[in-house]
Amino acid sequence: MATSGGGSLRAIRIPGRHGYAVEFSPYKPSTLACAVSQNFGISGCGTLVVLEQNEGGIAVRRSFEWTDALFDVAWSENSENIVVTSSGDGSLQLWDITKPQGPLQVFKEHTQEVYSVDWSQTRGEQLIVSGSWDHTIKLWDPSCGKSLSTFTGHENIIYSTIWSPHLPGCFASASGDHCLRIWDMKTPVSKLVIPAHQAEILSCDWCKYDQNLLVTGAVDCSLKGWDLRTVRQPVFELQGHNYAIRRVKVVGLFQIFLITRNNEPSHGICLWP
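Since we're looking at a predicted model, the values are computed, not measured.

Draft legend 1. Expanded view of the overall build of the protein. For the protein, the helix and strand inventory stands at 0 helices and 25 strands. The buried share among the 273 residues of the protein stands at 49%. Restricting the contact set of the protein to residue pairs at least 6 apart, pairs at least 24 apart contribute 39%. With the model as given, the accessible surface of the protein reaches about 12500 Å², and the carbon-plus-sulfur share is 51%.

Right under this line is the structure:
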């Protein structure tokens, strides 16, 4: 692997692996968890890579192998060493990054690829939500061996599931059926359905400073912002990319971090003020 440092840019390259997700630890800002896969996730295995930043650059602290592609990763909100990953074999894996052996637990109920996983952020509950190519969303308690609930309604692949950082038990999902949905974990039917794009929606994220604002990114190369109090029209729309927006992250009230993709495949990264 090769690293480069200097100025504000630091990078690390892991031979034979292609990145799908990266998340900073909520406990240690210098620690990151990455979900990476062989052959762009089409075939081969996946790796959970734990990275550490220091003055010299970025170094691999530890890595863990899985038998299928890894597509997403999320940190626990109540234990600094626990992460969950989602895989192409329909399973979720719970890892302790201080232990070199395999995952602590494996949850397998989805029948197709699990493309998204997120850990509840309000600390009012410790729950995991996952979204799959089987068109279902599942709710998990890490202390249980099976899912608590299954949510249906999307008519295509679910690419993104993410908890609200403000409202306990509330999460959003984005799908290839062009819709953004808002859910309450206590009810099986979504609270709100927003036909957000005229193309597959690959990613969504909540604003951490406004409980009513979400952002979506889609195959139509656009970003849209949605105010949940009035959803007839987006509150903003950002154009300019030539390729589908694979992942979007709202890092501030007026800043959006995103990753695009194309069919070759390769990717680009932009920050929208």
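Read on, since the account is not over.
Draft legend 2. View of the sheet that holds strand β12 (residues 128–132). The antiparallel open sheet is built from 4 strands, whose spatial order is β11-β12-β13-β14. Because the sheet does not close on itself, it has two edges, and the strands there are β11 (114–119) and β14 (147–151). On average, adjacent strands in this sheet sit at an angle of 20° to one another, irrespective of strand direction. For strand β13 (residues 137–140) and β14, the ladder comprises 4 bridges, and the chain directions are antiparallel. Across the sheet, the residue bridging to Trp140 is Ser147, located in β14.

Draft legend 3. Layout of the sheet that holds strand β7 (residues 70–75). In space, the 4 strands of this open sheet follow the order β7-β8-β9-β10, with antiparallel pairing throughout. Every interior strand has two partners, whereas the edge strands, β7 and β10 (105–108), have only one. Sheet twist, expressed as the mean angle between neighbouring strand axes with direction ignored, is 20°. The pairing of strand β8 (residues 82–87) with strand β9 (residues 91–96) spans 5 bridges and is antiparallel. Residue pairing for β9: Ile82 is matched across the bridge by Asp96.

Draft legend 4. Local environment of the pattern of salt bridges. Counted by the stated rule, this structure contains 7 salt bridges. We note a salt bridge from Glu80 to Lys28, for which the minimum N-O separation is 3.3 Å. With Glu80 in the loop between β7 and β8 and Lys28 in the loop between β3 (18–24) and β4 (31–37), this pair connects stretches of sequence that are 52 residues apart. What makes Lys28 partly exposed here is its relative accessible area of 34%. Across the pair Glu52 and Arg61 runs a salt bridge whose closest N-O atoms are separated by 3.6 Å. By relative accessible area, Glu52 is classed as partly exposed at 22%.

Draft legend 5. Up close: the packing of aromatic side chains. Applying the stated criterion to the full structure yields 12 aromatic pairs. Measuring from ring centre to ring centre gives 5.6 Å for Phe151 and Trp183, while their planes differ by 65°; the resulting arrangement is edge-to-face. Within this pair, whereas Phe151 is found in strand β14, its partner Trp183 is found in strand β17 (residues 179–184), the two being separated by 32 residues in sequence. Here the two residues Phe151 and Trp183 agree in accessibility, since each one is buried.

Draft legend 6. Fine view of the nonpolar core. Core analysis: the biggest nonpolar cluster contains 14 residues, and Ala172, Leu180, Ile182, Trp206 and Leu214 have the highest contact counts within it. Elements that contribute at least two residues to this core include exactly β16 (170–175), β17 and β19 (201–206). Filtering out sequence-adjacent residues up to four positions away, Leu214 remains in contact with Ala172, Leu180, Ile182, Asp205, Trp206, Lys224, Gly225, Trp226 and Leu228. Of all hydrophobic cores here, the second largest spans 13 residues; its members include Ala35, Leu70, Val73 and Val83.

Draft legend 7. Layout of the pairing of strand β15 (residues 158–163). The buried count for β15 comes to 6 of 6 residues, which makes it a mostly enclosed element. Here β15 runs beside β16; their pairing, made up of 5 bridges, is antiparallel. Bridged to Ile158 within β16 is Ser175. The hairpin formed by β15 and β16 contains 6 residues between the paired strands, and Gly169 there has a positive phi angle of roughly 80°.

Draft legend 8. Geometry of the environment of Glu80. Classification of Glu80 by relative accessible area gives partly exposed; the value is 33%. Taking the C-alpha atoms as reference, Glu80 lies 9.1 Å from Asp96; in sequence the two are 16 residues apart. Other than its neighbours up to four places away in sequence, Glu80 contacts Tyr27, Lys28, Trp75 and Ile97. Separated by 3.3 Å, the side chains of Glu80 and Lys28 make a polar contact.

Draft legend 9. Here's a closer look at the side chain of His110. Position of His110 among the secondary structure elements: in the loop between β10 and β11. A residue is classified by how much of its surface remains accessible, and His110, at 1% relative accessible area, is buried. Of note is the side chain of His110, whose polar atom sits 2.8 Å from the side chain of Ser130. Within the structure, His110 has its side chain in polar contact with the side chain of Asp134 (distance 3.1 Å). In this structure, His110 is in contact with Gly90, Leu92, Ser130, Ser132, Asp134, Thr136, Ile137, Lys138 and Trp140, ignoring residues within four places of it in sequence.

About the cut-offs
Residues numbered from 1 in each chain as written. Predicted model: local features only at pLDDT ≥ 70, side-chain atom pairs only at ≥ 80, totals over all residues. Heavy atoms only, no water. Helix = DSSP H or I, 4+ residues; strand = E, 2+ residues; numbered from the N terminus. Buried < 20%, exposed > 50% of the residue type's maximum accessible area, 1.4 Å probe, protein only. Contact = heavy atoms within 4.5 Å. Areas by Shrake-Rupley, 256 points an atom, 1.4 Å probe, with all protein chains shown as cover. Pairing = 2+ DSSP bridges. Axes fitted to C-alpha atoms, helices over the stretch in contact; angles between N-to-C directions. Salt bridge = Lys/Arg side-chain N within 4 Å of Asp/Glu carboxyl O. Phe/Tyr/Trp six-rings, centres within 6.5 Å; stacked < 30°, edge-to-face > 60°. Core = buried A, V, L, I, M, F, W, Y, C linked by side-chain atoms within 4.5 Å. Polar contact = N/O pair within 3.5 Å; in protein donor to acceptor, adjacent residues only side chain to side chain.

Interpretation note: all reported values are geometric properties and have no functional meaning in isolation.
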